Amino acid sequence: QVQLVESGGGLVQTGGSLRLSCATSRTIFSTYVMGWFRQAPGKQRELIAHITSGGTTNYVDSVKGRFTVSRDNAKNTVYLQMNSLKPDDTAVYYCNARRPGYLWSGSWGQGTQVTVSS
């Protein structure tokens, strides 16, 4: 079972920034694809960014140019730097992990709440 612990959320004004962190175990981190998801009230959880073990990144259009995903292999941690935040970014943010070519894990952490005020 994948263990994931998200942190770094909070309340921020429109245009502000936050950096989220997701810590996981060394057993999986070095080879797994790491992803950031979010779930806004009344909406389905969506994948917004992911990063491969080699550092290749991909973003959903709504966050492209504003969010940056990165990973620190020495700390077994993946980050999501969020800039130019908008009220539409308000959601619970989750990270997840998968082996290349496999589905995302069915095990989720507690998530971290991000609230952007207008």
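Residues numbered from 1 in each chain as written. Predicted model: local features only at pLDDT ≥ 70, side-chain atom pairs only at ≥ 80, totals over all residues. Heavy atoms only, no water.

Q: Before we move on, can you summarise the environment of Gly54 with the specific residues and values?
A: Considering the arrangement of structural elements, one finds Gly54 in the loop between strand E5 (46-51) and strand E6 (57-59). Overall, Gly54 belongs to the exposed group, its relative accessible area being 69%. Gly54 sits 47 residues away from Ser7 along the chain, and the two C-alpha atoms are 24 Å apart. (Helix = DSSP H or I, 4+ residues; strand = E, 2+ residues; numbered from the N terminus. Buried < 20%, exposed > 50% of the residue type's maximum accessible area, 1.4 Å probe, protein only.)

Q: Break down unusual backbone geometry for me, with residues and values.
A: Phi is positive for Asn76, close to 55°, though the residue is something other than glycine. For Asn76, the position within the fold is in the loop between strand E7 (67-72) and strand E8 (77-82). Of note, Ser84 is a non-glycine position whose phi angle comes to about 50°, a positive value. Take Ser84: it is sitting in the loop between E8 and strand E9 (91-98). The exposure class of Ser84 is partly exposed, given its relative accessible area of 42%.

Q: Which residues make up the side chain of Thr90, and what values go with them?
A: Relative to the helices and strands, Thr90 resides in the loop between E8 and E9. Only 2.9 Å separates the side chain of Thr90 from the backbone nitrogen of Val116, close enough to count as a polar contact. Contact partners of Thr90, with chain neighbours within four places excluded, come to Ala40, Pro41, Gln113, Val114, Thr115 and Val116. (Polar contact = N/O pair within 3.5 Å; in protein donor to acceptor, adjacent residues only side chain to side chain. Contact = heavy atoms within 4.5 Å.)

Q: Could you give me a rundown of the pattern of salt bridges, with the residues and numbers involved?
A: On inspection of all chains with the given rule, the structure shows four salt bridges. Glu46 is the partner of Arg38 in a salt bridge, and the nearest nitrogen-oxygen pair spans 3.1 Å. Accessibility expressed as a relative area gives 31% for Glu46, which makes it partly exposed. As a salt-bridge pair, Asp89 and Arg38 come within 2.9 Å of each other at their nearest N and O atoms. One end of the pair, Asp89, is in the loop between E8 and E9; the other, Arg38, is in strand E4 (residues 33-39), with 51 residues separating them in the sequence. For Arg38, a relative accessible area of 7% corresponds to the buried category. Through salt bridges with shared partners, a single ionic network connects Arg38, Glu46, Arg66 and Asp89. (Salt bridge = Lys/Arg side-chain N within 4 Å of Asp/Glu carboxyl O.)

Q: Report on the environment of Trp104, specifying residues and quantitative values.
A: Tracing the backbone shows Trp104 in the loop between E9 and strand E10 (112-117). When the C-alpha atoms of Trp104 and Met34 are compared, they prove to be 9.0 Å apart, with 70 residues separating the residues in sequence.

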